[in-house]
Amino acid sequence: MSKNNTIKKREPVLMQGNEAIARGALDAGVNFYAGYPITPSTEIAEIFSYELPRRGGKFIQMEDEIASISAIIGGSLAGAKTMTATSGPGFSLMLEGIGFAKMTETPCVVVNVMRGGPSTGLPTKPSQSDIMQARWGGHGDAPAIVLYPNSVMESYELSIRAVNLAEKYRTCVVLLSDEVLAHMRETVNLPDLSKIKIIDRIKPTIPPEWYKHFPENPKYPMPMASFGEGYRFHVTGLSHDEKGFPTNKAKEISRMMERFRKKIEYYIEDIVQIESFFMEDAKIAIFTAGITARAAKEAVMKARKRGIKVGLLRPLTIWPFPDGAVKKYLGDKKAIIVPELNEGQLSHELKRVMGGIWNYEIRKTKNIVELHKNSGELITPEEIFQTIREVK
Amino acid sequence: MPKISQKAIHKYLRHDKNFPHVWCSGCSNGIVLGATIRAIAELGYKKDNIAMVSGIGCSSRMPVYVDFNTLHTLHGRAIAFATGIKIVKPEMKVIVITGDGDATAIGGNHFIHGARRNIDMTVILINNNIYGMTGGQYSPTTPYGDRTTTTPYGNIDPTFDICDLAIGAGATFVARTTAFHAIEAQSFIKQAFEHKGFSLVEIISACPVIYGHLNKKGDASAMMKSMKENVILIEAFEKLSDEQKNGKQKRGIFVNKIRPEYIEEYDKLVRSLQDEKGGE
């Protein structure tokens, strides 16, 4: 595969965030992409349409986003590593399919390059307003793995990680980006292919008559056969038993739901990634992710130069929410500033972890300062710096 | 046509815990399942090599009963899921089981685009003129004036001719028969399986418990008799006067042609790119 790679030598290259996501996925082994054009994610589809036929992979532009998510789930069941990319409106359409992938424990990756909403909103402007949708958007209870980079290089890395986590935990992983991150160009040093850790799904080794497509044990490894390999299993969006056959038995349904939850809970340390920046001696903390964290970093540096002890805690894994890290790093801070391009989605979750917005004692000691912007513009380092000065 | 024994059919069923099936007595779905299995047995397809994909509805419950690679998907999306399977594993025989509501209402978009692409799969569409699973609401094929739970005063919504729809969208094998004509159904399904490209077999079926009951169509046998009398061969239909055509439907193979198939075209593209690289 590397022979056919258009990046012949891994020299530093100037690359766009969307391109980095596509490159990462290709390096992680994605060999089937189905998608539908939508700004600001379209470049991802364009790159796949160029690259996949050259590598013996498969690309198709489907008739809509619902068809796209459906096709990648079908493709994944047939044995491919699959991805689709979209933005807010398309992501809304994909939610039923994402739920199906989680229900049937079928690996796939959905990229959501966030733009302003609601509805058609701001196709060419950034937003971070799908943070909650990525977790709670579909109907029914099902945990989510959602990653969110803050640079072009990290878009590449988290794209690989998203594919790996999907294959490892047999679920639909959502990779968030935003319009600015997707379209800005940065110089990146891609690692040699030999240095990239790639996780492939585990194949069953037992005879077909013993095979259960949904093993009782929610612990890794979770072997998964593909269609056409002699296992002839059944897959349904209905609540099902270990063999995949529909069931109405409370015990079997509870076991299935528990499995969805536990397979994420057991491995939370493996899944959650955070970055702590000048947090050791910080009195004030900033908590944010994605593109806004870039501005926050600059604000931290500016404040540090003026002797203000401020740090940044940034989740790279948005869901499952890094409760442990938040408690550990933010528990003793005088104030926590949460800048985000929405009306308070990360801060809502932060308040849950910090003790709930109605808990008076906590409210008194933990001052959570929210900084929102939903007009399609970025939050500037200066705005965050001013907020730091106000809470100091 | 070689006779396929009952015993042979049992080889293709999953006996472990899926029976009795969910279908009402008098439902035609079992007849279609039988015809499908007999066609598969006749062609000697390997069970491992068949992917049966369905959407949501009465007909879409079929895959759970058969011992293939089976996928029961979302309402209307079977063809989109099947497209993913076929692209990734072109060597598999992909069969879609769907109904009138599943394929032409919520799944209409995927139905026409599957046909347009001419992607190699066989869609067996069981048309019972109603949403049975939800208790009898009108579908895009419910005849004018008929009663359903959502047309209490009679249906005013015009219908789709599913075969015309498929032909218009570019399907390369289009046939219609009924559950009464079970041997013909088997033959059409077999020909559809052997066809390279997007093939559709519409099978008009009886839903005596819901559609039949709401519209006083009689019991299952009366509905079968009505299919026998009113769904007639294309040649016989064409001979009728306009007046006589009223209330009658054509059955037979409407289209059987060759047009570039999607997977083959994709493979051609891949080969041309490899040649291009070889020449570098």
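Conventions adopted
- Residues numbered from 1 in each chain as written.
- Chains lettered and ligands numbered in written order.
- Predicted model: local features only at pLDDT ≥ 70, side-chain atom pairs only at ≥ 80, totals over all residues.
- Heavy atoms only, no water.
- Contact = heavy atoms within 4.5 Å.
- Buried area = accessible area lost by both parts, 1.4 Å probe.
- Salt bridge = Lys/Arg side-chain N within 4 Å of Asp/Glu carboxyl O.
- Polar contact = N/O pair within 3.5 Å; in protein donor to acceptor, adjacent residues only side chain to side chain.
- Helix = DSSP H or I, 4+ residues; strand = E, 2+ residues; numbered from the N terminus.
- Nonpolar A, V, L, I, M, F, W, Y, C, P; charged D, E, K, R; others polar.
- Pairing = 2+ DSSP bridges.
- Buried < 20%, exposed > 50% of the residue type's maximum accessible area, 1.4 Å probe, protein only.
- Axes fitted to C-alpha atoms, helices over the stretch in contact; angles between N-to-C directions.
- 1 Å grid on protein atoms, 1.4 Å probe; cavity = no way out; pocket = protein on both sides within 12 Å on 5 of 7 lines; lining within 4 Å.
- Points joined across faces, edges and corners; volume = space filled by probe spheres on them.
- Core = buried A, V, L, I, M, F, W, Y, C linked by side-chain atoms within 4.5 Å.
- Domains from an automatic or database assignment.
- Expected span 1.5 Å × (residues − 1).
- Phe/Tyr/Trp six-rings, centres within 6.5 Å; stacked < 30°, edge-to-face > 60°.
- Arc of directions from axis to C-beta.

**Student:** Just to check I follow, could you spell out the interface of chain B and chain A for this structure?
**Tutor:** How big an interface is tends to be expressed through the accessible area that disappears when the partners come together. Listed by partner, the interface residues are 40 residues for chain B and 44 residues for chain A. Summed over both sides, the interface between chain B and chain A buries roughly 3600 Å², with carbon and sulfur atoms accounting for 58% of that surface. Counting across the interface, chain B meets chain A through four salt bridges. A salt bridge links R232 of chain A to D48 of chain B; the nearest nitrogen and oxygen atoms lie 2.7 Å apart. Across the contact surface, chain B and chain A share 20 residue pairs in polar contact (both at pLDDT 80 or more). Contributing elements (two or more residues each) for the side of chain B that touches chain A: strand 2 (69–72), helix 3 (78–88), helix 5 (108–117) and helix 12 (262–278) of chain B. Of the residues contributing to the side of chain B that touches chain A, the split by class is 18 nonpolar, ten polar and twelve charged. Inspection of the sheet shows strand 10 (residues 234–236) of chain A paired to strand 2 of chain B by three bridges, in the parallel sense. The partner of T236 of chain A across the bridge, within strand 2 of chain B, is H72 of chain B.

**Student:** How should the pairing of strand 4 (residues 121–127) of chain B be read in this particular structure?
**Tutor:** Remember that side chains alternate between the two faces of the sheet whenever the strand is regular. Residue and element names in this part refer to chain B. Of all seven residues in strand 4, seven are buried, a share of seventy percent or more. Pairing of strand 3 (residues 93–99) with strand 4 involves five bridges; the strand directions are parallel. Bridge pairing in strand 4 places T98 opposite L125. Alignment of strand 4 against strand 8 (residues 198–204), held across seven bridges, turns out to be parallel. Across the sheet, the residue bridging to N127 is I204, located in strand 8.

**Student:** Help me out: how do you make sense of the side chain of R161 of chain A in this one?
**Tutor:** Relative to the helices and strands, R161 of chain A is located in helix 6 (residues 152–169). Sequence-distant contacts of R161 of chain A, that is, excluding residues within four places in its chain, are made with L147, D270, I271, V272, Q273 and T317 of chain A.

**Student:** Would you mind showing me how to read the sheet that holds strand 12 (residues 284–287) of chain A here?
**Tutor:** To summarise the sheet geometry, strands pair through backbone hydrogen bonds and adopt either a parallel or an antiparallel arrangement. All names here are of chain A. Strand order across the open sheet formed by five strands is 11-13-12-15-16, with mixed pairing between neighbours. In this open sheet, the two strands that pair with only one neighbour each are strand 11 (274–277) and strand 16 (367–372). Pairs of neighbouring strands in the sheet enclose a mean axial angle of 20 degrees, with direction left out of account. Bridging between strand 12 and strand 13 (residues 310–315) involves four bridges; their strand directions are parallel. Bridge assignment links A285 to a residue of strand 13, and that residue is G311. In this fold helix 10 (residues 290–305) packs onto strand 11, strand 12, strand 13 and strand 15 (335–340), with an angle of close to 165 degrees to the strand it touches most, strand 13.

**Student:** For this particular structure, what's the right way to read the sheet that holds strand 2 of chain B?
**Tutor:** Here we have nine strands laid out as an open sheet, ordered 10(A)-2(B)-1(B)-3(B)-4(B)-8(B)-7(B)-10(B)-9(B), and mixed in their pairing. Every interior strand has two partners, whereas the edge strands, strand 10 of chain A together with strand 9 (231–233) of chain B, have only one. The average angle at which neighbouring strand axes cross in this sheet is 20 degrees, direction not considered. Inspection of the sheet shows strand 9 of chain B paired to strand 10 (residues 249–256) of chain B by three bridges, in the parallel sense. Its bridge partner lying in strand 10 of chain B, L233 of chain B is registered against R251 of chain B.

**Student:** Explanation requested: empty space enclosed by the protein in the structure shown.
**Tutor:** Rolling a probe over the atoms, with the probe sized like a water molecule, indicates the empty space that remains. Residues and elements named next belong to chain A. Going through the model one piece at a time under the given rule, you end up with five cavities of 30 Å³ or more. Taken as a whole, the largest cavity encloses approximately 80 Å³ of empty space. Lining the largest cavity are E105, F214, P215, E216, H240, D241, E242, E252, R255, M256 and R259. Reported here for the second largest cavity is a volume of approximately 50 Å³. If you trace the second largest cavity, you find it lined by K102, A142, P143, T171, F260, K263 and I264. In terms of residue count, helix 8 (residues 250–265) provides more of the lining of the second largest cavity than any other element does, three residues in total.

**Student:** Explanation requested: the nonpolar core in the structure shown.
**Tutor:** For soluble globular proteins, the rule of thumb is that nonpolar side chains tend to be buried together. The biggest cluster of nonpolar side chains holds 159 residues, and the ones touching the most others in it are F48, F287, L330 and I388 of chain A. Each of two domains, domain 1 (2–195) and domain 2 (275–391) of chain A, supplies a minimum of three residues to this core. Sequence-distant contacts of F287 of chain A, that is, excluding residues within four places in its chain, are made with L313, P315, F321, V326, L330, I336, I337, V338, P339, L346 and L350 of chain A. Ranked by size, the runner-up nonpolar core spans 31 residues in total, among them L13, A35, I50 and M52 of chain B.

**Student:** Which parts of the structure should I look at to understand helix 3 (residues 65–77) of chain A?
**Tutor:** In an α-helix, one full turn covers 3.6 residues, which means residues spaced three or four apart are oriented alike. All names here are of chain A. Taking 1.5 Å of rise per residue, the 13 residues of helix 3 would be expected to cover 18 Å, and the 19 Å separating its terminal C-alpha atoms lies within 8% of that figure. Burial analysis of helix 3 places 13 of its 13 residues in the buried class, which makes it a mostly covered element. Where helix 3 begins, the capping side chain belongs to D64, and its oxygen is found 3.1 Å from the backbone nitrogen of I66. The first or second residue beyond helix 3 is G79, which carries a positive phi of 115 degrees.

**Student:** Looking at this structure, how should I read the domain arrangement of chain A?
**Tutor:** Residue and element names in this part refer to chain A. Segmentation of chain A into domains returns domain 1 (2–195) and domain 2 (275–391). On a C-alpha basis, the centroid separation for the pair domain 1 and domain 2 is 27 Å. Contacts between domain 1 and domain 2 engage 27 residues on the former and 23 residues on the latter. Approximately 2000 Å² of surface area, both sides summed, lies buried where domain 1 meets domain 2, with 57% of it carried by carbon and sulfur atoms.

**Student:** Is there a simple way to think about the packing of aromatic side chains in this case?
**Tutor:** Between two aromatic rings, the relevant description is the distance of the centres plus the angle of the planes. All names here are of chain A. Within the structure shown, the criterion is met by 16 aromatic pairs over all chains. Look at F277 and F278: their rings are 5.0 Å apart centre to centre, the planes differ by 85 degrees, and that puts the pair in the edge-to-face class. On the accessibility criterion, F278 (35% relative accessible area) is partly exposed. Aromatic side chains W319 and F321 sit 6.0 Å apart centroid to centroid with 45 degrees between the ring planes, which places their arrangement in the tilted category. The exposure class of F321 is buried, given its relative accessible area of 6%.

**Student:** Can you walk me through the pattern of salt bridges in this structure?
**Tutor:** Pairing between side chains of opposite charge can happen when the charged atoms of each approach one another. The final tally for this structure, using the stated rule, is 40 salt bridges over all chains. The partner of D332 of chain A in a salt bridge is K333 of chain A, and the shortest N-O contact between them spans 3.1 Å. With a closest N to O distance of 3.0 Å, R176 of chain B and E202 of chain B form a salt bridge. Of this pair, R176 of chain B sits in strand 7 (residues 173–178) while E202 of chain B sits in strand 8; the two residues are 26 residues apart in sequence, bridging distant segments of the chain. The exposure class of E202 of chain B is buried, given its relative accessible area of 1%. Each of the salt bridges in this network shares a partner with another, and the network as a whole consists of R232 of chain A together with R14, K47, D48 and D67 of chain B.

**Student:** Help me out: how do you make sense of helix 9 (residues 220–230) of chain B in this one?
**Tutor:** Residue and element names in this part refer to chain B. Buried within helix 9 we find M223, M224 and M227. Axial view of helix 9: buried residues confined to an arc of 105 degrees, hence all on one face. Looking at the packing, one finds that the buried side of helix 9 touches helix 2 (29–43), strand 7, strand 8, helix 8 (208–214) and strand 9.

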